[in-house]
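# Descriptive analysis of the structure
Each chain, written out:
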Amino acid sequence: MRGGYVFDVYAHCRDDAGGRPWAHTATSFNSAVAWAVQHDPEIRALIARSTPEPEVWPPP
């Protein structure tokens, strides 16, 4: 997609390399939300087996 927006879904945790595990990229906000809702159990499992996110959300 050239010159457009994409919406990334990531798990709020860190992988073994210290990065955020990106789970999905969508071309619209609604499709990103729908994907995240449909894959909630997998996202929660990924968070449970990963290192906690060191950055507080929402920021103070």
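All of the points below concern the structure found in this document.

Rules used throughout
- Residues numbered from 1 in each chain as written.
- Predicted model: local features only at pLDDT ≥ 70, side-chain atom pairs only at ≥ 80, totals over all residues.
- Heavy atoms only, no water.
- Helix = DSSP H or I, 4+ residues; strand = E, 2+ residues; numbered from the N terminus.
- Areas by Shrake-Rupley, 256 points an atom, 1.4 Å probe, with all protein chains shown as cover.
- Lys, Arg positive; Asp, Glu negative; His and termini not counted.
- Charge placed at Lys NZ, Arg CZ, Asp CG, Glu CD.
- Phe/Tyr/Trp six-rings, centres within 6.5 Å; stacked < 30°, edge-to-face > 60°.
- Patch = residues over 30% accessible without salt bridge, like charges linked within 9 Å, V, L, I, M, F, W, Y side chains within 5 Å.
- Salt bridge = Lys/Arg side-chain N within 4 Å of Asp/Glu carboxyl O.
- Buried < 20%, exposed > 50% of the residue type's maximum accessible area, 1.4 Å probe, protein only.
- Contact = heavy atoms within 4.5 Å.
- Polar contact = N/O pair within 3.5 Å; in protein donor to acceptor, adjacent residues only side chain to side chain.
- Axes fitted to C-alpha atoms, helices over the stretch in contact; angles between N-to-C directions.
- Parallel < 35°, antiparallel > 145°, perpendicular 65-115°, else oblique.
- Nonpolar A, V, L, I, M, F, W, Y, C, P; charged D, E, K, R; others polar.

### Observations concerning the overall build of the protein
For the protein, the count of helices and strands is 2 helices and 4 strands. For the protein, the N- to C-terminal ordering of α and β elements is β-β-β-α-α-β. Referenced to the eigenvectors of the C-alpha coordinate spread, the extents of the protein come out at roughly 35 × 25 × 25 Å. Put simply, the protein shows about 4800 Å² of open surface, and 58% of that area lies on carbon and sulfur atoms. One finds the centroid of the 5 positive side-chain charges in the protein at a distance of 4 Å from the centroid of its 7 negative side-chain charges.

### Details of the packing of aromatic side chains
On inspection of all chains with the given rule, the structure shows 2 aromatic pairs. When the centroid spacing of 6.1 Å and the interplanar angle of 75° are considered together, the rings of phenylalanine 7 and phenylalanine 29 count as edge-to-face. Pair noted here: phenylalanine 7 is in strand β1 (residues 7-10) and phenylalanine 29 is in helix α1 (residues 29-38), with a separation of 22 residues, a long-range link.

### Describing a nonpolar patch on the surface
Residues Tyr5, Phe7, Phe29, Val33 and Val37 make up a contiguous nonpolar surface patch of roughly 540 Å² in combined accessible area. Residue classification places phenylalanine 7 among the partly exposed residues on the basis of a relative accessible area of 30%.

### Here we look at the environment of aspartate 8
Tracing the sequence through the fold places aspartate 8 in strand β1. Excluding residues that lie within four positions of it along the chain, aspartate 8 makes contacts with Trp22, His24 and Thr25. Side-chain polar atoms of aspartate 8 contact the side chain of threonine 25, separated by 2.6 Å.

### Some remarks on the packing of α1 against helix α2 (residues 40-48)
Any two packed helices are characterised by how steeply their axes cross, that is the angle between the axes, and by the distance between the axes. The geometry of α1 relative to α2 is characterised by a closest axis approach of 5 Å and an angle of 70° between their N-to-C directions. When the axes of α1 and α2 are compared, the pair comes out roughly perpendicular. In this structure, α1 contributes Trp35, Ala36, Val37 and Gln38 to the contact, and α2 contributes Asp40, Pro41, Glu42 and Ile43. Residues belonging to the contact of α1 with α2 are distributed by class as follows: 5 nonpolar, 1 polar and 2 charged.

### Regarding the pattern of salt bridges
Here the structure, examined in full by the defined rule, presents 5 salt bridges. Ionic pairing is found between arginine 44 and aspartate 40, a salt bridge with its closest N-O pair at 2.9 Å. In this pair, arginine 44 and aspartate 40 are both assigned in helix α2, 4 residues apart and thus about one turn of the helix distant. The exposure class of aspartate 40 is partly exposed, given its relative accessible area of 31%. Residues joined in a network through salt bridges with shared partners are Arg14, Arg20, Glu53 and Glu55.

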